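Chain by chain, the residues run as shown.
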Amino acid sequence: MLVYHGDHRNARQLLAAMGRRLSTQGERPGRVGQDLGATFREERRRRREEHLLLSRLVVVVEPGPRVALASAPDAAEALREAFWLDQPAGPADPARLGRHRLPGLLPLRDLLGMIGALEWRRKGVEIPALGAHLHPRYGVFAPVRGEHVELVAAACKRWPVAGRRALDVGTGTGVLAFVLARAGALVTATDLSPGALASAREDAGRLGLASKVEVVAADLFPGGDPPAPAGTAPPAPFDLVVCNPPWLPAEAVTPLDRAIYDPDGAFLARFLGGLRAHLAPGGEAWLILSDLAELLGLRRPGELEAQLEAAGLTVAGGIEALPHHPRSRDPSDPLAAARRREVTTLRRLVAAPVGSAPR
């Protein structure tokens with residue numbers, strides 16, 4: 001670990017130089033004949049190494065809070081928000097500093113991310129499907145890719161949701177919950193991240209949807225994943241359950257990675273395993289999932305279908321979207337060949353007939 005005590009500008013230059021030194025741009029497209037799965041694993045290894053090494057350049061954060069570097073910008077607001085320092089008792093999240101840990105050491109890379117996140121939050125992220133901007137807090141994955149949002153908006157028109165009781169599992173910024181609420185659904189939105197819960201509640205208020213979207217701290221389903229204990233009333237089932245899970249069953253290197261990477265596919269497996277118990281009679285679920293995992297060899301062909309069958313679920317139709325995000329058109333991306341072929345699908349899931357109950 002290198003604790004930097006000099007000038008802020010010089011610290012940034014040092015961090016940039018370290019990043020350039022670690023860069024393997026010339027090798028990133030992969031060796032000739034190398035399959036996409038091997039290229040992906042190589043990229044994740046490089047990403048993990050870069051994160052670990054660049055996080056070793058740290059600066060001192062003093063009470064205030066302030067950064068103890070000459071010419072450092074005023075980062076007090078960014079630090080207070082990132083570490084919940086304005087709250088008497090912040091969320092129970094060990095990643096937060098908390099007042100009692102100042103002064104403390106903070107990776108310069110994280111500091112710059114916090115400052116950038118505050119500017120991003122002030123500006124907001126435009127969501128065409130809502131005709132509005134969302135303002136996610138630090139550490140909450142912003143919906144910069146729009147395929148999943150567009151699919152849910154299109155599904156609301158094809159299969160109207162007005163008056164239905166809906167659940168948005170792993171809501172993040174709340175964007176899918178807001179699309180459902182705008183279409184007339186009464187929505188419960190769950191997440192475990194304190195930042196996501198706060199972001200979703202704040203933006204529900206900004207959009208005038210606070211009465212239609214209830215944001216609940218829960219791991220997947222309200223009331224827990226297993227059935228309710230004997231003698232207690234189980235949570236009321238939902239007419240519609242929507243989930244846009246992390247798409248790739250691989251290691252999450254950074255906290256933000258958890259929105260994209262699902263180690264061993266555990267999140268998806270738990271969601272599918274508990275879904276049927278939370279569907280009302282005649283209810284359905286919308287599962288939004290990219291096939292990038294199959295293209296990269298991270299999920300075997302037919303594996304998802306087998307999971308659905310084991311969970312007592314069947315596909316009753318769906319809609320698809322092709323990628324239009326910048327990385328799908330970036331020839332320098334080592335996974336460009338897979339990204340160009342990627343298809344995102346919203347599958348309508350219903351409980352399988354009684355004769356084909358889960359195995």
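Located above this text is the structure these notes cover.
Residue numbers restart at each chain and count upward from 1, following the sequence in its written direction. Reporting of local features is limited, given that this is a predicted model, to residues whose pLDDT is at least 70; pairs of side-chain atoms are given and counted only at 80 or more, and all residues count toward the totals for whole chains, interfaces and linings. Excluded from the side-chain calculations are hydrogens and water; all other atoms, namely the structure's heavy atoms, are used.

**Let's talk about the overall build of the chain**
Helix and strand content of the chain: 11 helices and 13 strands. In the chain, which comprises 359 residues, the share counted as buried stands at 49%. Across the chain, every contact between residues at least 6 apart in sequence was considered, and the portion connecting residues at least 24 apart equals 72%. Summed over all atoms, the accessible surface of the chain reaches about 17,700 Å², with 55% contributed by carbon and sulfur. Helix numbering and strand numbering both begin at the N terminus, where a helix is a DSSP run of H or I of at least 4 residues and a strand a DSSP run of E of at least 2. A simple rule labels every residue: compare its accessible area, found with a 1.4 Å probe on the protein chains alone, to the largest value its type can have, and call it buried under 20%, exposed over 50%, or partly exposed in between. For this analysis, residues touch if any pair of their heavy atoms sits within 4.5 Å. Here, Shrake-Rupley sampling with a 1.4 Å probe gives the accessible areas, and only protein chains in the shown set may cover a residue.

**Some details on the pattern of salt bridges**
Any carboxyl oxygen of Asp or Glu that lies within 4 Å of a side-chain nitrogen of Lys or Arg is treated as forming a salt bridge with it. Using the criterion set out here, one finds 23 salt bridges in the structure. Salt-bridge contacts for Arg9 lead to Asp7; the nearest nitrogen and oxygen are separated by 3.8 Å. Among the residues examined, Asp7 registers a relative accessible area of 17% and is labelled buried. Measuring nitrogen to oxygen at the nearest pair gives 3.8 Å for the salt bridge that ties Glu49 to Arg45. Taken together, the residues span about one helical turn, with Glu49 and Arg45 both in helix α2 (residues 36–54) at a distance of 4 residues. Here the residues in one salt-bridge network are Glu43, Arg46, Glu50 and Arg109, joined through shared partners.

**Some points on the packing of aromatic side chains**
When two rings of Phe, Tyr or Trp (its six-membered ring) have centres within 6.5 Å they constitute a pair, described as stacked for plane angles under 30 degrees, edge-to-face for angles over 60, and tilted for the intermediate range. On inspection of all chains with the given rule, the structure shows 3 aromatic pairs. When the centroid spacing of 6.3 Å and the interplanar angle of 35 degrees are considered together, the rings of Phe40 and Tyr261 count as tilted. Linking Phe40 in helix α2 with Tyr261 in the loop between β10 (238–243) and α8 (266–275), this pair joins segments that are 221 residues apart in sequence. Given a relative accessible area of 12%, Tyr261 falls into the buried group. A ring pair is formed by Phe221 and Phe271, whose centres lie 5.8 Å apart and whose planes are at 15 degrees; its orientation type is stacked. Within this pair, whereas Phe221 is found in the loop between β9 (213–217) and β10, its partner Phe271 is found in helix α8, the two being separated by 50 residues in sequence. A residue is classified by how much of its surface remains accessible, and Phe221, at 0% relative accessible area, is buried. Exposure remark for Phe271: the relative accessible area of 1% places this residue in the buried category. Distance and angle both matter: a charge sits over a ring if NZ of Lys or CZ of Arg is within 6 Å of the ring centre and within 35 degrees of the ring normal. Directly above the ring of Trp159 sits Arg158, whose terminal nitrogen or CZ lies 5.5 Å from the centroid.

**Observations regarding the sheet that holds strand β8 (residues 186–191)**
One bridge is not enough; two strands pair if DSSP finds at least two bridges between them. The 7 strands lie next to each other as β9-β8-β7-β10-β11-β13-β12, forming an open sheet whose pairing is mixed. Where the open sheet ends on each side, the last strands, each with one partner, are β9 and β12 (313–321). Within the sheet, the average angular offset between the axes of one strand and its neighbour, ignoring direction, is 20 degrees. Judged from the 4 bridges that link them, strand β7 (residues 165–169) and β10 form a sheet pairing that is parallel. The residue of β10 that forms the bridge with Val169 is Cys243. Sheet strands touched by helix α5 (residues 147–158): β10, β11 (279–290), β12 and β13 (344–351). Its angle to β12, the strand with the most contacts, is close to 115 degrees. Helix axes are fitted only over the stretch in contact, all axes being lines through C-alpha atoms; the angle between N-to-C directions runs from 0 to 180 degrees. Packing of α8 onto the sheet brings it into contact with β7, β10, β11, β12 and β13, and relative to β11 it is tilted by some 165 degrees.

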